[in-house]
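Per-entry structural report
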Amino acid sequence: MRTVYLNGKYLPENEANVSVFDRGFLFADGVYEVTSVLGGKILDFDGHAVRLERSLNELGMRNPIEKADLLAVHRELVRANDISDGMIYLQITRGNPGDRDFAYPSDDTEPTIVLFTQSKPGLADSPAAKTGIKIISIEDQRWGRRDIKTVQLLYPSMGKMMAKGAGCDDAWMVEDGHVTEGTSNNAYIVKDDKIITRHLGNEILHGITRKAVLAFAREAQMKVEERAFTLEEAKNADEAFITSASTFVMPVVEIDGEAVGTGTPGTVAARLREIYLTESRKAAI
Ligand code: PDD
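Residues numbered from 1 in each chain as written. Predicted model: local features only at pLDDT ≥ 70, side-chain atom pairs only at ≥ 80, totals over all residues. Heavy atoms only, no water.

Moving on, we come to helix α5 (residues 154–165). Its 12 residues give α5 an end-to-end C-alpha distance of 16 Å, which sits within 8% of 16 Å, the value for a rise of 1.5 Å per residue. If you check which residues of α5 are buried, you get Tyr155, Pro156, Gly159 and Ala163. Down the axis of α5, the buried side of the element spans an arc of 100°, and every buried residue falls inside it. In α5, the exposed residues that point more than 90 degrees away from the buried face are Leu154, Met161, Lys164 and Gly165. At its buried positions, α5 is contacted by β7 (133–139) and β8 (170–175). Directly beyond the C-terminal end of α5, a positive phi value near 75° is found at Gly167. (Helix = DSSP H or I, 4+ residues; strand = E, 2+ residues; numbered from the N terminus. Expected span 1.5 Å × (residues − 1). Buried < 20%, exposed > 50% of the residue type's maximum accessible area, 1.4 Å probe, protein only. Arc of directions from axis to C-beta. Contact = heavy atoms within 4.5 Å.)

This is the structure in structure tokens:
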């Protein structure tokens, strides 16, 4: 049985309970982070901590934990659950005001903080990295503040189910003719050796993996263009791929049943995956 962290306590997972009045449960009034673990070490903790702070600030929510303590909790959960490869999930909600009310509760309502681990042995050796994944395109029907990492994930879940129903792995969302991002990842294409990914804004999540991968690409003298691209461009690209904390860099080989490039994982995606994994393992803490 897993040990999880809830409001300052380490508990067996079946003893960690949250109130029915918790605003995370009633209003999806909460934010989250997913951080990867490789070889028992945490990847890009700082990046996730900074984004968490930003999400909380954007929603006027109090951060119940200091950064150093948060790192200590991550490490203790990795130790207690003997995680070699996997993920750490963190969620902070506006807490339990004792009743249901649309208005935010007063500041003396304690936020709820939960962390748990997910063990994924061989996370970095996923077979999908060698074969690539197939995606469909769907309309982006999410709200307008996708830069805040909230736990409001119903539409991305629906998108994942639409992809599964079509025999595919994931969906890219399209708004005004342009790709925003994947259901739980950032989207990229490669055309004439140029890496193209949507610019930052309220329309997409500011991926921690995206930031690292773009920095590595620039260091390696690869050309990067941060701009919106159309679905048509994606279908005519030489390569496509996604990034996220749990998939790292993952090639996309098919969009809406059409092969991207040769229909096999591309060299740019493979190179970026290699660099990202090597450098992230080195910097892991
Ligand atoms: N998802 N875009 C969306 C909508 C996401 O949900 C995620 C992350 C990303 C990539 O961000 P990062 O590189 O920081 O993981 C982009 C996480 C992994 C999840 O929900 O499981």
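Between helix α2 (residues 45–58) and helix α3 (residues 67–80), the least distance of the axes is 11 Å, while the angle of their chain directions is 125°. Here α2 lies oblique to α3, going by the angle between them. Here the hand of the crossing between α2 and α3 comes out right-handed. Residues Phe45, Asp46, Ala49 and Leu52 of α2 lie in contact with α3, whose contacting residues are Lys67, Leu70, Leu71 and His74. Its residues placed into classes, the contact of α2 with α3 shows 5 nonpolar, 1 polar and 2 charged. (Axes fitted to C-alpha atoms, helices over the stretch in contact; angles between N-to-C directions. Parallel < 35°, antiparallel > 145°, perpendicular 65-115°, else oblique. Left-handed = near helix turned anticlockwise from the far one by under 90°. Nonpolar A, V, L, I, M, F, W, Y, C, P; charged D, E, K, R; others polar.)

Turning next to the pattern of salt bridges. Tallied over the full model, the rule gives 24 salt bridges. As a salt-bridge pair, Arg94 and Asp29 come within 2.6 Å of each other at their nearest N and O atoms. Of this pair, Arg94 sits in the loop between β5 (86–93) and β6 (112–119) while Asp29 is found in the loop between α1 (23–27) and β3 (30–38), placing the two residues 65 residues apart along the sequence. Just as Arg94 is buried, Asp29 falls in that class too. The residue Glu254 makes a salt bridge to Lys134 at a minimum N-O spacing of 4.0 Å. Within this pair, whereas Glu254 is found in strand β14 (residues 248–255), its partner Lys134 is found in strand β7, the two being separated by 120 residues in sequence. (Salt bridge = Lys/Arg side-chain N within 4 Å of Asp/Glu carboxyl O.)

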